[in-house]
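Remarks on the overall topology
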Protein chains: 8
Amino acid sequence: MSDTSNNDVILDLQRDARIGMPEAVLCTSKTHAQINRAVDQALAANKSILLTHLNEEKAASVTATPFDYDAISQTGITGPWVAPTGTAKVAIVSAGTSDMPIVAEAQRTLAFHGTPSKSFVDVGVAGLWRLLNVRDELAQFPVVIAVAGMEGALFSVLGGLIPSLIIAVPSSVGYGMAREGETALHSALASCAQGLVAVNINNGYGAACAATRILSARSE
Amino acid sequence: MSDTSNNDVILDLQRDARIGMPEAVLCTSKTHAQINRAVDQALAANKSILLTHLNEEKAASVTATPFDYDAISQTGITGPWVAPTGTAKVAIVSAGTSDMPIVAEAQRTLAFHGTPSKSFVDVGVAGLWRLLNVRDELAQFPVVIAVAGMEGALFSVLGGLIPSLIIAVPSSVGYGMAREGETALHSALASCAQGLVAVNINNGYGAACAATRILSARSE
Amino acid sequence: MSDTSNNDVILDLQRDARIGMPEAVLCTSKTHAQINRAVDQALAANKSILLTHLNEEKAASVTATPFDYDAISQTGITGPWVAPTGTAKVAIVSAGTSDMPIVAEAQRTLAFHGTPSKSFVDVGVAGLWRLLNVRDELAQFPVVIAVAGMEGALFSVLGGLIPSLIIAVPSSVGYGMAREGETALHSALASCAQGLVAVNINNGYGAACAATRILSARSE
Amino acid sequence: MSDTSNNDVILDLQRDARIGMPEAVLCTSKTHAQINRAVDQALAANKSILLTHLNEEKAASVTATPFDYDAISQTGITGPWVAPTGTAKVAIVSAGTSDMPIVAEAQRTLAFHGTPSKSFVDVGVAGLWRLLNVRDELAQFPVVIAVAGMEGALFSVLGGLIPSLIIAVPSSVGYGMAREGETALHSALASCAQGLVAVNINNGYGAACAATRILSARSE
Amino acid sequence: MSDTSNNDVILDLQRDARIGMPEAVLCTSKTHAQINRAVDQALAANKSILLTHLNEEKAASVTATPFDYDAISQTGITGPWVAPTGTAKVAIVSAGTSDMPIVAEAQRTLAFHGTPSKSFVDVGVAGLWRLLNVRDELAQFPVVIAVAGMEGALFSVLGGLIPSLIIAVPSSVGYGMAREGETALHSALASCAQGLVAVNINNGYGAACAATRILSARSE
Amino acid sequence: MSDTSNNDVILDLQRDARIGMPEAVLCTSKTHAQINRAVDQALAANKSILLTHLNEEKAASVTATPFDYDAISQTGITGPWVAPTGTAKVAIVSAGTSDMPIVAEAQRTLAFHGTPSKSFVDVGVAGLWRLLNVRDELAQFPVVIAVAGMEGALFSVLGGLIPSLIIAVPSSVGYGMAREGETALHSALASCAQGLVAVNINNGYGAACAATRILSARSE
Amino acid sequence: MSDTSNNDVILDLQRDARIGMPEAVLCTSKTHAQINRAVDQALAANKSILLTHLNEEKAASVTATPFDYDAISQTGITGPWVAPTGTAKVAIVSAGTSDMPIVAEAQRTLAFHGTPSKSFVDVGVAGLWRLLNVRDELAQFPVVIAVAGMEGALFSVLGGLIPSLIIAVPSSVGYGMAREGETALHSALASCAQGLVAVNINNGYGAACAATRILSARSE
Amino acid sequence: MSDTSNNDVILDLQRDARIGMPEAVLCTSKTHAQINRAVDQALAANKSILLTHLNEEKAASVTATPFDYDAISQTGITGPWVAPTGTAKVAIVSAGTSDMPIVAEAQRTLAFHGTPSKSFVDVGVAGLWRLLNVRDELAQFPVVIAVAGMEGALFSVLGGLIPSLIIAVPSSVGYGMAREGETALHSALASCAQGLVAVNINNGYGAACAATRILSARSE
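Residues numbered from 1 in each chain as written. Chains lettered and ligands numbered in written order. Predicted model: local features only at pLDDT ≥ 70, side-chain atom pairs only at ≥ 80, totals over all residues. Heavy atoms only, no water.

So, on to the overall build of chain A. The number of helices and strands found in chain A is eight helices and nine strands. Against the globule reference of 17 Å for 220 residues, chain A gives a C-alpha radius of gyration of 18 Å, in line with a compact fold. Taken along the three principal axes of its C-alpha coordinates, chain A extends 60 × 45 × 25 Å. Of all 220 residues assigned to chain A, the portion counted as buried reaches 65%. (Helix = DSSP H or I, 4+ residues; strand = E, 2+ residues; numbered from the N terminus. Rg over C-alpha atoms; globule rule 2.2 N^0.38 Å. Buried < 20%, exposed > 50% of the residue type's maximum accessible area, 1.4 Å probe, protein only.)

Looking now at the pairing of strand β8 (residues 165-170) of chain G. Residues and elements named next belong to chain G. With six of its six residues buried, β8 lies for the most part within the structure. Side chains Leu165, Ile167 and Val169 project from β8 onto one buried face, and the interleaved Ile166, Ala168 and Pro170 project onto a second face that is buried too. With six bridges connecting them, strand β7 (residues 143-148) and β8 associate as parallel partners. Within the sheet, the bridge partner assigned to Ile145 lies in β8 and is Ile167. The parallel pair β7 and β8, bridged by helix α6 (residues 153-161), forms a crossover whose chirality is right-handed. Pairing analysis gives two bridges linking β8 to strand β9 (residues 197-198), with the strands arranged parallel. Note that in β9 the partner of Ile167 across the bridge is Val197. Crossover β8 to β9 through helix α7 (residues 182-189) is right-handed. (Pairing = 2+ DSSP bridges. Right-handed = clockwise from strand over helix to strand, strands pointing away.)

Our next topic: the sheet that holds strand β1 (residues 25-26) of chain D. Residue and element names in this part refer to chain D. With mixed pairing, four strands are arranged side by side in an open sheet as β1-β2-β4-β3. Two strands close off the open sheet at either side, each with one partner strand: β1 and β3 (67-70). When β3 meets strand β4 (residues 75-78), the two strands line up antiparallel, connected through four bridges. Across the sheet, residue Asp68 finds its bridge partner in β4, namely Ile77. Strand contacts of helix α2 (residues 32-44): β1, β2 (49-52) and β4, with the helix running at about 160° to β2, the strand carrying the most contacts. Across the face of the sheet, helix α4 (residues 100-112) comes into contact with β2, β3 and β4 while running at roughly 15° to β4. (Contact = heavy atoms within 4.5 Å. Axes fitted to C-alpha atoms, helices over the stretch in contact; angles between N-to-C directions.)

Between chain C and chain A, which share one sequence, the superposing operator has a rotation angle of 180° and an axial displacement of 0.0 Å; the RMSD is 0.0 Å. Each copy turns onto its partner about a two-fold axis. Comparing interface residues between copies, 100% of those in chain C also sit at the interface in chain A, which points to an isologous, same-surface contact. (Least-squares fit on C-alpha atoms with pLDDT ≥ 70 in both.)

This part covers the confidence of the model for chain A. Residues and elements named next belong to chain A. For chain A, the average pLDDT comes to 95, and 96% of its residues sit at 70 or higher. Every residue in residues 1-5 scores below 50 in pLDDT, and together they form eight contacts with partners more than four places removed in sequence or on other chains. ipTM for the predicted complex: 0.95, alongside a pTM of 0.96. (pLDDT = per-residue confidence, 0-100.)

Each copy of the sequence occupies a distinct position, and chain A is placed on chain B by a rotation of 180° and an axial shift of 0.0 Å, giving an RMSD of 0.0 Å. Most of the interface of chain A is mirrored in chain B: 100% of its interface residues are interface residues there too.

Turning next to the state of the cysteines. With the rule as written, the count across this model stands at zero disulfides over all chains. With no disulfide of its own, Cys209 of chain D lies 12 Å from the sulfur of Cys192 of chain E, the closest cysteine sulfur. (Disulfide = S-S within 2.5 Å.)

Taken together, the 35 residues of chain C in the interface contact 35 residues of chain A. Overall, the association of chain C and chain A removes approximately 2900 Å² of surface from exposure, summing both partners, and the carbon and sulfur fraction of that is 52%. Linking chain C to chain A there are zero salt bridges. Across the chain C-chain A interface, the total number found is 17 residue pairs in polar contact (both at pLDDT 80 or more). Elements represented by at least two residues in the side of chain C that touches chain A include exactly α1 (15-19), α6 (153-161), β8 (165-170), α7 (182-189), β9 (197-198) and α8 (204-218) of chain C. Counting residues per element, the side of chain C that touches chain A draws most heavily on α8 of chain C, at eight residues. Tallied by class, residues from the side of chain C that touches chain A come to 22 nonpolar, seven polar and six charged. (Buried area = accessible area lost by both parts, 1.4 Å probe. Salt bridge = Lys/Arg side-chain N within 4 Å of Asp/Glu carboxyl O. Polar contact = N/O pair within 3.5 Å; in protein donor to acceptor, adjacent residues only side chain to side chain. Nonpolar A, V, L, I, M, F, W, Y, C, P; charged D, E, K, R; others polar.)

This part is about the domain arrangement of chain A. Residue and element names in this part refer to chain A. Splitting chain A by domain gives domain 1 (15-78) and domain 2 (90-219). Using only C-alpha atoms to locate each centre, domain 1 and domain 2 end up separated by 25 Å. On the side of domain 2, 12 residues touch domain 1, which itself brings 18 residues to the contact. Summing the contributions of domain 1 and of domain 2, the shared interface buries around 1200 Å²; its carbon and sulfur component is 68%. (Domains from an automatic or database assignment.)

Before going further, it helps to examine the environment of Ile92 of chain H. All names here are of chain H. Residue position: Ile92 is located in strand β5 (residues 90-94). Between the C-alpha atoms of Ile92 and Phe141, which are 49 residues apart in sequence, the distance is 9.9 Å. In this structure, Ile92 is in contact with Val103, Ala106, Gln107, Leu110, Ser117, Lys118, Ser119, Phe120, Ile145 and Val147, ignoring residues within four places of it in sequence.

Across all C-alpha pairs, the smallest distance from chain C to chain F is 17 Å, and the two are not in contact. Considering only C-alpha positions, the minimal separation of the non-contacting chain A and chain G is 17 Å.

A few words on the pairing of β2 of chain D. All names here are of chain D. The two faces of β2 match: Ile49 and Leu51 on one face and Leu50 and Thr52 on the other face are all buried. In the sheet, β1 pairs with β2 via two bridges, with the strands oriented parallel. In the strand pairing of β2, Leu26 is matched with Thr52. Viewed along the sheet, the connection from β1 through α2 into β2 turns out right-handed. Strand direction decides the pairing type here: β2 and β4, joined by three bridges, are antiparallel. Along β4, the bridge assignment pairs Ile49 with Thr78.

Written out as structure tokens, the structure reads:
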């Protein structure tokens, strides 16, 4: 009756040509077999592939080699990819230490796209001097990814201090009325600082993809 | 069948003795007759009374004299009350010009309670220098009422800069995901700055009452 | 008691130097007098100023001349500003005819920042050919502002078709479960298309400011 | 005091005659004993029965034989039922690989009702060519069940491309503002494509039942 | 700067050929000029056009003749359309008298698509006999559109009584926790009756379009 | 095409016999003609009828005589009904003066059902002595209807003080996080006082109907 | 510093005298030691005590004997209590088999209060005959507790069929838009059937307490 | 590529001088290594440090000695800190026994700040005498921290009885419409008692910090 077990993955291999970045695989709801089918399709086309939201148990099931797995960011990469080197083109700022996994996901995604980045962790506004200390350095980057949970005040303060495009990544750090990241998200969207943009909660991957879109256009 | 038309107002005239402040009358859903019955009960006991959320049409219906009405704060006061003079004991800070009605409600309520205050309007964090300019002065006040709409980042920044008790009053200024003040409220509650407290959206009256509770205890 | 009536507007005149764009004035909750005080502060510093969410009744109260008012976008501009000319640098796409006011607000803001733009209105996905017809032209722009209400499917389809940075502006067009723009916003944030970014509901102004941040960096 | 332990299941055995489909048993909150009592009542009436949301541990407790259990769809069938053969009468489309369990639940339910179906998995709009490739084939089906999580843009695009009745099944695939399927659901309901209908989140069973209602009427 | 005033309407004139129904115009957020431009485009192609959510003030601005306006359903039709006659093919049931405008919108839309229908108004479950009285007649229709506000219990009861496809249209009738139609919508989606489908709140138009999709397939 | 204009009201005239109370007409979304058709059906059956949510403009359109209209409760009664006399059987308590319209709706409904009641208005917990003053009298009533907006603390305090069944009617009095009555409703439902029951926000009518159900059983 | 470990339980032993029922202990967030301290206080006063939300692990830690634990209802009783006998005074109806734990909690609570009850399980409206079969028997009870999850249509249907006071207990049975019981709760509150009352989700205990309040008054 | 593993913690060691209290470490989302890095930074500066939301497994990983861990409050303290002695300066009141962990967190935080406090546990309003018994003692404290879950009626009752500043800490105790503490929070914010202030759900730490701000100002 059901013959779908082997045809349930169709990688969009033309995506790179169309929008400048390959498809990645969000592994949360996928089985070991489905993840490996996606990897196989990419490798068969001689392409590298990025796996996100990949926990250690699923990572262990990936059969391709070599397989570059990073537990902090919960990402894995396989294929002919080589890590980029050189000057950082994107800054990644986080309000707290607990935002580290999202910072790392953004960094890994940028690296997968060939872009070096630099992170500035634990510079939240409750100790404003930490942010003011790095303000001039941050202002040099055309794109700054900012990660913050709780009330996300970092987004607005940053938006008033530097001219860069700031991509707000609300994080689910916090409890109670932090609402799993919704409060930080709403803060970014309703900010008094003009020209902030936001991506989904915890979406370090998406922020990195947006940065890639901007950098691609710049380098044309 | 229904004989309630004349017994539907019972002022709590002992409240002042019990908690240090008299009852005020929230006029939003009350008829002209009900408002005047409340005023009459207060005057009969030789007490002053504060009317809040009193629009101009309802204010015109108040028959007591003299009647001190302020259209910006939508408040009216009648009775033996005399406006306080002297050094301001509470600071009131607002993120934007549009928060003025709430600032004014807090000031009027404090004045009704006999407390002079000082306001600092339009010092939001998108232009951080405005706030830093008044930081040292603000830090001298034991209580600072902070009014902000949109994302309410002012609360967190202030909380990291001064030791005063900061009473956050989220305002309904903004649109979309500002959600009629809910985002600013959630920001105050989920703030990374420790020891912020919040009152209801647009509740300048309540913030002033909280300040009164604190000042009463201090002066004992 | 209250002496705030004349000091409740503090324009952030250094903002242009700091982040590359001047402050604008959101007029929704401001009085005629407050709006004119903001205009006066800008003109006194020989700067142009943009007024947003300015309805016709408030526009009529502005005393500065010449005053360039646009009823569709609910914006007004005064000061030494001159409208830009030349090739469009930003594309603005909308799903439906009803999104026109937001498209116009984005265009006016870009123009205020000196950037010409081009609009593509009523190209929603229910008639997909309309979007495919302009896809190649859109793909040439480094930044595309996309405006859509209802379910906001335009954002995802566009994100899969072109490499540009797409700034999603959810609009409040629709009824019932369109939820005043929240469904379109959530669609942008949860999109299967990688690297979309979003601003607040109906925030054509903010999307234009984000575009300005990107273009400023590009032109360095 | 309580004598309900043996009379807490009353199968609606006349349902088939009344609405053209038998009752199924949602096993989520039921005990092993309750599930077996329901099965026994059906078999005693010589009827087949479908068990849904049946995890492997509960499936192991079912004592009837033969028992056809499918782990992907979390469904079990027992009784005189025979799987249907022949040409597919319903198409089931899914946006992503992760939607497979819901696709399978719909297929199993249709099979239980005697209807063959065909699935098209991983044809989401981020790679639009995948959907356009099968558009003509899909347009031949009177009923298309569409499964999508995240922002559910598939529903609207499909609705603009084919004349079939499209039954949208929002799935809980995604994170953050995907809101466990609510964003996809709201997208279906607020769609710019006319004549879409929706069922509950993850409700592959319900979509299949709706298809059965339509096919029954057609075959009269 | 802005030259969009005359190109902001692009009717999807091929829609009829593609999905079996023409586009309609939702007039809520459109100007008089925009509505008339849409009408003109349809008439120029010799097609009829349906205008929905058209209040009396906007209806008066329509210049095409003859123009068939119905105030109860807030709909207008112009062009070569002729009202259908003959046996009703769709039943429309409503729980209360207050749901009449939505019933009428569905009837008008069906008529615009060439389909006669029959309405059964005020047959809610608080007086169950009213529904049971018409049950046998309703069971003869392949498609039944059910309109209900408040708690929407009508949907579930109907779903257990007849084999037809039931398209639930939640209405915004009610107050408090009826939540402008959300409670009725959630009731339809979470119903214990299998195979119900739902459209947006107050969306009589959408329900009629879904019925049209079904009937088109039936008549092939 | 549409012949529903005269058959859209079907009064459930047997309801009294079935559940001990007649149907009432909620007038919010009904036209003048619909309201009068309902009245006519009741009078034709020689029954009295209660109209609720009837504003003054609609009340003026009622043609039946005599017509007993009460503006505070927004109710009208016509038919052979006679107001009850004698000892009050139900107590109605309200937290504030602003809850008066709901108190009155409950009283009118009880009177329509033949039950005298007694009201205790403005006895909220901020001045607890007001409630304690009437506690012993309230404890004598088998049923107490309690009306409160804002935070609804009255419900819990009352529930801990008296043995009567307490029917909580949350009111929409308040602003901000009072959330149009939802906070008071949630307080009633989550109360630490055991055995409270609640009806919809502002539903004085429903509370009175519940009281009627209890009293009917008692008098059997 | 903290000397609270032994004084954190203060049973309200006078509650029975005040409101006709003793306090019960909600065990969800309590430690073994706290539960046993509550039991000890009750037994020291020679009173019986009811423990609710008591899972099997916590039940095993109760040291009092004899201890009557019921796993289905997650309740335990100790002290001089004797189970009541005789004719049932309250009916408990549930829509589905999965609601059994809540039915059992209500029955146990009533029994603890000395009241026999009778349950009618799995009589939901999708198979309406099941409910109609017991309608006449149900109509004899002055109080009917109705338990339903999903869309809670049972409440409205029952409310239109019988004159008893119906206490709706929404249950968390269902998934997706059943919203953990909120949809059933909203259905009860927004019901078209007049005079329904509701308690908190899954609150079989509270419904039984409300019934006890009614029955106490009846027997005076 | 990523060199952030060792620089992701930047303690704000100047905070004490700036706002009168040191930073604390919220351990929920931090790794063992991150927690120890924070501790090391504090000890290197010869400062004490408070760790909150520290479960037993994480507490066991802390390597500093001596380490004062309290399992009830989930807090740990290390460094030169000495527990304060003397008269309590803050009262902490809780509605129920289940609120004990939050009471303890507040007490520990106050102690860390050098302030003795006194707790009054299980004095909820369902047994009002428990609260009235301690009212006079509570009224002597300038600051009272009140902890309550469910409907949070304690806040309003307390606010009407004593003149102290009352800091409401909503707790997540309760189920269903207690909504994990949101109902208690909304009750505090929408209270009819004037001058209540609130902190985040379960935020005993924040309430203590607010008390410290007030006490610091008092002692100046």
